[in-house]
Structure formats: structure tokens, C-alpha cells
Amino acid sequence: QVQLVQSGGGLVQDGGSLRLSCAASGRTFSSVAMAWFRQAPGKEREFVAAINRSGSSTYYADSVKGRFTISRDNARNTVYLQMNSLKPEDAAVYYCAATSSYTWPRIRRTSYDYWGQGTQVTVSS
């Protein structure tokens, strides 16, 4: 079992930056790959970014590539999502997720076993 607790998020202006954090507990953090997803009102939950167990590999959705950075600190059992140059279309509830699968990368939401509680990101134009 992995418990994920998110923090960060909030309201930011168009072009601004935010950092999300997701703290894990309950299982050796370095044994799971991590990802961020987001869900806007009326839309499906979509993949944003993933990072492998060691942090040596990352993978991004085309829509955020070059603007968002996923990272992890295995000593702190935490994964981060740094979001720069935010746009109104980035507004959504953001979720962190963990998977014990060794297949890389995994971008389908059904591939992830554990989820954070979600945090709202609002971008004003």
C-alpha cells in the first residue's frame, strides 16, 4: 500500500508558475514509478508527466512539454511537479499517482494503483 498526500496548487495568473508536491508513505518510495494526471470539469482524467523509480527518466504529455518538470526526491519520499508558463487550459484538478509496474512509461490512468487526493490549479487570464 502507498498513501499519497498532495500539497501546493491554487490560483495563478496566466504565465505564472506553481509547484505541486506529493508525499508518499507506506511502501518504499523508490519501488514505485510516479506520475501526475489532471482532470478539468467535464473532461477525462489525462496524463501529464511520469518519472521512473530512480528519477533518471521522465516522460511528458505534448501539451506540457517544455513548461512542466516532474522530479522526485527519494530521500524525502516526495514527487514534485513544477509548472511554468501556465495557461488557462492548464486549469484542472491535479492528481499524483503511483504504480508498481516495471513497464515504462505508463500513461494510462488504469495503470496506476494509488492516487493522491487531488489539488485544484486555477489559471486566470
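In the block above lies the structure referred to throughout.
Here is a short report on the structure shown in this document. Just so we're clear, the structure is a prediction, and the values are computed from it rather than from any experiment. (Residues numbered from 1 in each chain as written. Predicted model: local features only at pLDDT ≥ 70, side-chain atom pairs only at ≥ 80, totals over all residues. Heavy atoms only, no water.)

### Comments concerning the overall build of the protein chain
Helix and strand content of the protein chain: zero helices and eleven strands. Its helices and strands in sequence order give the protein chain the pattern β-β-β-β-β-β-β-β-β-β-β, from N to C terminus. A globule of 125 residues ought to have a C-alpha radius of gyration of about 14 Å, and the protein chain, at 13 Å, matches this closely. Counting only C-alpha atoms, the protein chain reaches 40 × 25 × 25 Å along its principal axes. A buried classification covers 46% of the 125 residues belonging to the protein chain. For the protein chain, the proportion of contacts with a sequence separation of at least 24, taken over those separated by at least 6, is 59%. (Helix = DSSP H or I, 4+ residues; strand = E, 2+ residues; numbered from the N terminus. Rg over C-alpha atoms; globule rule 2.2 N^0.38 Å. Buried < 20%, exposed > 50% of the residue type's maximum accessible area, 1.4 Å probe, protein only. Contact = heavy atoms within 4.5 Å.)

### Topic: the sheet that holds strand S7 (residues 68–73)
Judged by pairing direction, the sheet is antiparallel, and its four strands sit side by side in the order S1-S3-S8-S7 without closing on themselves. Taken across any chain shown, the strands that pair with only one partner, and hence form the sheet edges, are strand S1 (3–8) and S7. With strand direction ignored, the average angle separating the axes of adjacent strands in the sheet is 15 degrees. In this structure, S1 lies alongside strand S3 (residues 18–25), joined through six bridges in antiparallel fashion. Bridge pairing in S3 places Val5 opposite Ala23. (Pairing = 2+ DSSP bridges. Axes fitted to C-alpha atoms, helices over the stretch in contact; angles between N-to-C directions.)

### Quick notes on the nonpolar core
Judged by nonpolar contacts, the single largest core of 36 residues is most densely connected at Leu4, Met34, Trp36, Leu81, Met83 and Tyr94. At the level of elements, S3, strand S4 (33–39), strand S5 (46–51), S7, strand S8 (78–83), strand S9 (92–99) and strand S11 (119–124) are the ones that each hand at least two residues to this core. (Core = buried A, V, L, I, M, F, W, Y, C linked by side-chain atoms within 4.5 Å.)

### Points about the pattern of salt bridges
Applying the stated criterion across every chain, the model contains five salt bridges. A salt bridge links Glu46 to Arg38; its shortest N-O distance comes to 2.6 Å. Taking relative accessible area as the criterion, Glu46 reaches 35% and is therefore assigned partly exposed. Here Lys65 ties to Asp62 by a salt bridge, and the two come within 3.0 Å at their closest N and O atoms. Through salt bridges with shared partners, a single ionic network connects Arg38, Glu46, Arg67 and Asp90. (Salt bridge = Lys/Arg side-chain N within 4 Å of Asp/Glu carboxyl O.)

### Remarks on the pairing of S7
Here S7 shows a clear split, with Phe68, Ile70 and Arg72 buried on one side and none of Thr69, Ser71 and Asp73 buried on the other. Bridge count between S7 and S8: six bridges; the pairing is antiparallel. Paired with Asp73 across the strands is Thr78, a residue of S8. With antiparallel pairing between neighbouring strands as the criterion, S7 and S8 make up a hairpin whose turn holds four residues, including Asn77 at a positive phi of roughly 55 degrees.

### Observations regarding the state of the cysteines
Throughout the structure, instances matching the rule amount to one disulfide. Disulfide pairing places Cys22 opposite Cys96 at an S-S distance of 2.0 Å. Disulfide Cys22-Cys96: the torsion about the S-S bond is 60 degrees, which places it as right-handed. Highlighted residues: Cys22 in strand S3 and Cys96 in strand S9, separated in sequence by 74 residues. (Disulfide = S-S within 2.5 Å.)

### Examining the side chain of Arg67
Along the chain, Arg67 turns up in the loop between strand S6 (58–60) and S7. Look at Arg67 and you get buried, because its relative accessible area is 12%. Side-chain polar atoms of Arg67 contact the side chain of Asp90, separated by 2.7 Å. Leaving out residues up to four positions away in the same chain, Arg67 has contacts with Gln82, Met83, Asn84, Ser85, Leu86, Lys87 and Asp90. (Polar contact = N/O pair within 3.5 Å; in protein donor to acceptor, adjacent residues only side chain to side chain.)

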